[in-house]
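# Geometric and topological summary
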Amino acid sequence: MRLFPRSIQRLKLPESSISYYPGFFTTEEADHYLRKFMTDVLWQQDDITVFGKAYPQPRLTALYANNENSYSYSNVVMEPHPFTEELYNIKQRLKEVTPADFTTCLLNLYRDGQDSNGWHADDEKELGDNPVIASVSFGQERFFHLRHKWDKSLKHKILLEHGSLLLMAGETQHYWQHQIPKTSQAVRERINLTFRVIQ
């Protein structure tokens, strides 16, 4: 196990277990992974259906896994590519902070401030009852918004930095939604890796 100084921020939100690790990867490591994923990942842009009309999803995505299980969300069905060496190495690094044995990684590429991800919870049935979601960020920092599903007065936002890890576990997906909103600021590309278990 690698030893290095690292702070942990545990979000004090009810009915949740959310931890933020800034600098989980060194700047050198994060820069390397950003370059590799920008050029080597098999990105795609799927259509999503909103009120019966199809729209291009406002970001690019890719699915990788160590099995052949597909992943479905928002009427999109994705078939996985095999884990790359880089994704496998990151998966192994995550064992430093969670016992979850991740099988699958959904990657998102936010090309600019108009790329976004709307309010949702990672609560698809193939993820299990209390899924562990490890969200790794490379590139442009973006705000990550959280809101309680029923008590809309409960909300929080956190800036996800280059090389950071956000870990969501326990009952979080039952009670909380999250999003990456659009921004009018001029921003560079951001790549987000969300590791999960799909049996």
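Residues numbered from 1 in each chain as written. Predicted model: local features only at pLDDT ≥ 70, side-chain atom pairs only at ≥ 80, totals over all residues. Heavy atoms only, no water.

In the structure shown here, the tally under the stated rule is 11 aromatic pairs. Between F25 and Y33, the ring centres sit 5.8 Å apart and the planes meet at 80 degrees, which makes this aromatic pair edge-to-face. Assigned by exposure class, F25 and Y33 land together as buried. Aromatic pair F102 and F195: ring centres 6.1 Å apart, planes at 55 degrees, arrangement tilted. Of this pair, F102 sits in the loop between α2 (85-93) and β9 (104-110) while F195 sits in strand β16 (residues 190-196), and the two are 93 residues apart along the sequence. A relative accessible area of 0% means that F102 is categorised as buried. Over the aromatic face of F143 sits the side chain of K157, whose NZ or CZ is 4.6 Å from the ring centroid. (Phe/Tyr/Trp six-rings, centres within 6.5 Å; stacked < 30°, edge-to-face > 60°. Buried < 20%, exposed > 50% of the residue type's maximum accessible area, 1.4 Å probe, protein only. Helix = DSSP H or I, 4+ residues; strand = E, 2+ residues; numbered from the N terminus. Lys NZ or Arg CZ within 6 Å of the ring centre and 35° of its normal.)

With that settled, the discussion passes to the pattern of salt bridges. Under the defined criterion, the tally for this structure stands at 7 salt bridges. Of the charged contacts in the structure, one is a salt bridge between R93 and E96, with a shortest N-O distance of 3.9 Å. A residue is classified by how much of its surface remains accessible, and R93, at 14% relative accessible area, is buried. Residues R111 and D115 are paired through a salt bridge, measuring 2.7 Å at the closest nitrogen-oxygen approach. (Salt bridge = Lys/Arg side-chain N within 4 Å of Asp/Glu carboxyl O.)

Examined against the element boundaries, I158 turns out to sit in strand β13 (residues 155-160). When residues no more than four places from it in sequence are discounted, the contact partners of I158 are Q9, L11, Y20, R142, F143 and F144. (Contact = heavy atoms within 4.5 Å.)

All right, on to unusual backbone geometry then. Phi angles above zero are rare outside glycine, and E15 is one such case at about 55 degrees. On the secondary structure map, E15 appears in the loop between β1 (9-10) and β2 (17-21). When its relative accessible area of 36% is taken as the criterion, E15 is described as partly exposed.

All right, on to the nonpolar core then. Within the largest apolar cluster, 28 residues are counted, with the highest numbers of intra-cluster contacts made by F37, L87, I90, L107, F138, L193 and F195. Listed by contribution, the elements that provide at least two residues to this core are α1 (27-40), β5 (60-65), α2, β9, β11 (133-139), β14 (164-169) and β16. Every residue in contact with L87, bar those within four places of it in the chain, is listed here: F37, Y64, C105, L107, L193 and F195. Core analysis: the second largest hydrophobic core is formed by 23 residues, Y73, I158, L166 and I198 among them. (Core = buried A, V, L, I, M, F, W, Y, C linked by side-chain atoms within 4.5 Å.)

The next subject is the sheet that holds strand β8 (residues 81-82). The 8 strands are arranged β1-β2-β14-β11-β16-β9-β5-β8 in an open sheet whose pairing can be described as mixed. Of all the strands in the sheet, just β1 and β8 have a single pairing partner and so form its edges. Sheet strands in contact with α1 are β5, β9, β11 and β16, and its direction is about 90 degrees off that of β11. Here α2 sits on the sheet and contacts β5, β9, β11 and β16; the angle it forms with β16, its principal contact strand, is near 60 degrees. (Pairing = 2+ DSSP bridges. Axes fitted to C-alpha atoms, helices over the stretch in contact; angles between N-to-C directions.)

Structurally, the position occupied by R59 is in the loop between β4 (53-56) and β5. Owing to a relative accessible area of 5%, R59 belongs among the buried residues under this scheme. On a C-alpha basis, the gap between R59 and D115 in space is 5.1 Å, while along the polypeptide they are 56 residues apart. If sequence neighbours within four positions are ignored, R59 has contacts with Q44, Q45, Y73, N108, L109, Y110, R111, D115, S116 and N117. Reaching out from R59, the side chain makes a polar contact with the side chain of N108 at a distance of 2.9 Å. (Polar contact = N/O pair within 3.5 Å; in protein donor to acceptor, adjacent residues only side chain to side chain.)

E86, L87, I90, K91 and R93 are the residues of α2 that are buried. Buried positions in α2, seen along its axis, are confined to an arc of 160 degrees and lie on one side of it. Where α2 is buried, its residues contact α1, β5, β9, β11 and β16. (Arc of directions from axis to C-beta.)

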